[in-house]
Amino acid sequence: MSIQKKSKNKKKTEGADCRDCNGLCCRYFALPIDTPKTWKDYDDIRWYLSHRGVSVFVEKGDWYLQVDNRCKYLDRSHRCRQYPLRPRICRTYHTGDCEKAGDDYGYELHFLNDRQMAEYMRSRFGVNVFQRLEKIKVEKTVRRKGRS
Ligand code: SF4
Ligand code: SF4
């Protein structure tokens, strides 16, 4: 599993100045997730997106879950309190294509909340996609009754 910080889809520049930044790249982390295939997979992602501070984006065909939560080592002056011991992922991140460097990320898809995913699911699987959830509920009820 490769955890990552986000990179802008742009030409490399000389790089942003970290001294002039409030530590944008230290305020989240992103994890790769399986590419959804079925409506159930998308519905699981809708559940992720029901949580505060969670978003999902697609970059170069790969899906990522992002959690907005600042690193505990980012101090009030937006400096790293464990700079000499900062993890590898922080050491290898380049200012040339970081958050501060400008431009957008060029994501193929970007979901900020569950409502956006619900809309996407309707466009992909039909407006009645959520009736399937009702069906699951009914099936469970019938099964429970069948046991008694
Ligand atoms: S790498 Fe970019 S986003 Fe991170 S602190 Fe430096 S300028 Fe800010
Ligand atoms: S360890 Fe330091 S450089 Fe890495 S995310 Fe935390 S504050 Fe930022």
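Above this note sits the structure.
Residues numbered from 1 in each chain as written. Chains lettered and ligands numbered in written order. Predicted model: local features only at pLDDT ≥ 70, side-chain atom pairs only at ≥ 80, totals over all residues.

A. Quick look at the site of ligand 2. Around ligand 2, the structure places Cys26, Cys71, Tyr73, Leu74, Cys80, Gln82, Arg86, Pro87 and Cys90. Residues belonging to the shell around ligand 2 are distributed by class as follows: 7 nonpolar, 1 polar and 1 charged. (Near = placed C-beta within 6 Å. Nonpolar A, V, L, I, M, F, W, Y, C, P; charged D, E, K, R; others polar.)

B. Structural view of the sheet that holds strand β2 (residues 54-59). With antiparallel pairing, the 4 strands of this open sheet are ordered in space as β1-β3-β2-β4. The outermost strands of the open sheet, each flanked by one partner alone, are β1 (28-33) and β4 (109-111). Strand-to-strand, the axes of this sheet are offset by a mean angle of 20°, without reference to chain direction. In this structure, β2 lies alongside strand β3 (residues 62-68), joined through 6 bridges in antiparallel fashion. Paired with valine 54 across the two strands is valine 67, which belongs to β3. (Pairing = 2+ DSSP bridges. Helix = DSSP H or I, 4+ residues; strand = E, 2+ residues; numbered from the N terminus. Axes fitted to C-alpha atoms, helices over the stretch in contact; angles between N-to-C directions.)

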